[in-house]
Amino acid sequence: MTATAVSPSVVARTPAAAPAAAAAHFEAKLAFETDCADVWYATNHETKDFVLVDVRTPALFAAGHVPGAVNIPTRQLNEALLADYPAGTLFVVYCAGPHCNGSTKAALKLARLGRPVKEMIGGLTGWIDEGLGLARG
């Protein structure tokens, strides 16, 4: 009887990165994004050291948004609208959810304007999925 070689699963077929490379990757990833739970926790339990920006239209913002967010639609985002914020202000942007790239476009605009920025992954859909409340108006 001969031993049959077991082929690796589809998950293991491509080997995982070396731990040091994985640490560098995930550390870099966290420099670009945050999640709904962290935004909620920071807003409710820590010093809020960032500006949360809903980049959807004013009508969608009025229908329901993350409490404490300001509304600056992606297409309207420019240096003049940011003039009231000190240069080092961290902006956290979000849009409707994973199906929307408005927050990615806004993050790119902010970065090109020299502003620190992170994207809130999940957007409004993620916020709702976490069971967190919305503000209206």
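The coordinates are above.
For the structure given in this document, a descriptive report is provided here. (Residues numbered from 1 in each chain as written. Predicted model: local features only at pLDDT ≥ 70, side-chain atom pairs only at ≥ 80, totals over all residues. Heavy atoms only, no water.)

A short note on the overall build of the protein chain
The helix and strand inventory of the protein chain stands at 6 helices and 5 strands. Across the protein chain, helices and strands are ordered from the amino to the carboxyl terminus as α-β-α-β-α-β-α-β-α-β-α. In summary, the protein chain has a C-alpha radius of gyration of 19 Å against a globular reference of 14 Å for 137 residues, an excess of more than 25%. Counting only C-alpha atoms, the protein chain reaches 75 × 30 × 30 Å along its principal axes. The buried share of the protein chain, taken over its 137 residues, is 31%. Long-range contacts, defined as pairs at least 24 residues apart, comprise 69% of the intrachain contacts of the protein chain with a sequence gap of at least 6. For the protein chain, the separation between the mean place of its 11 positive charges and that of its 12 negative charges on side chains is 9 Å. (Helix = DSSP H or I, 4+ residues; strand = E, 2+ residues; numbered from the N terminus. Rg over C-alpha atoms; globule rule 2.2 N^0.38 Å. Buried < 20%, exposed > 50% of the residue type's maximum accessible area, 1.4 Å probe, protein only. Contact = heavy atoms within 4.5 Å. Lys, Arg positive; Asp, Glu negative; His and termini not counted. Charge placed at Lys NZ, Arg CZ, Asp CG, Glu CD.)

Topic: the pattern of salt bridges
Oppositely charged side chains can pair when the atoms bearing their charge come close. By the definition in use, this model includes 2 salt bridges. R56 is the partner of D54 in a salt bridge, and the nearest nitrogen-oxygen pair spans 2.8 Å. Summarising the burial analysis for this pair, D54 and R56 share the class buried. Of the charged contacts, one joins R115 and E79 as a salt bridge, the two residues approaching to 3.1 Å between their closest N and O atoms. (Salt bridge = Lys/Arg side-chain N within 4 Å of Asp/Glu carboxyl O.)

Thoughts on the environment of G122
Here G122 lies in the loop between β5 (117–121) and α6 (123–129). The sequence separation of G122 and T34 amounts to 88 residues, and the corresponding C-alpha distance is 9.4 Å. In this structure G122 touches A96, G97 and P98, once residues within four positions along its chain are discounted.

Quick word on the packing of aromatic side chains
Overall, the coordinates contain 1 aromatic pair when judged by the stated rule. Judged by centre distance (5.3 Å) and plane angle (80°), the rings of Y85 and F91 are edge-to-face. For F91, a relative accessible area of 1% gives the class buried. (Phe/Tyr/Trp six-rings, centres within 6.5 Å; stacked < 30°, edge-to-face > 60°.)

Considering helix α5 (residues 102–112)
All buried positions along α5 are accounted for by G102, S103, A106, A107 and L110. For α5, the angular spread of the buried residues around the axis is 135°, confining them to a single face. Taken together, the buried residues of α5 touch α4 (79–82), β4 (91–94) and β5. Trailing α5 by a residue or two, G114 shows a phi angle of about 80°, which is positive. (Arc of directions from axis to C-beta.)

Examining the sheet that holds strand β2 (residues 51–54)
Strand order in this open sheet of 5 strands is β1-β5-β4-β2-β3, and the pairing throughout is parallel. The sheet terminates laterally at β1 (33–35) and β3 (70–71), the two strands that pair on one side only. Where helix α1 (residues 19–32) meets the sheet, its contacts fall on β1 and β5, and the angle it forms with β5 comes to roughly 95°. Packed onto the sheet, helix α2 (residues 36–45) meets β1, β2, β4 and β5 and runs at close to 75° relative to β1. (Pairing = 2+ DSSP bridges. Axes fitted to C-alpha atoms, helices over the stretch in contact; angles between N-to-C directions.)

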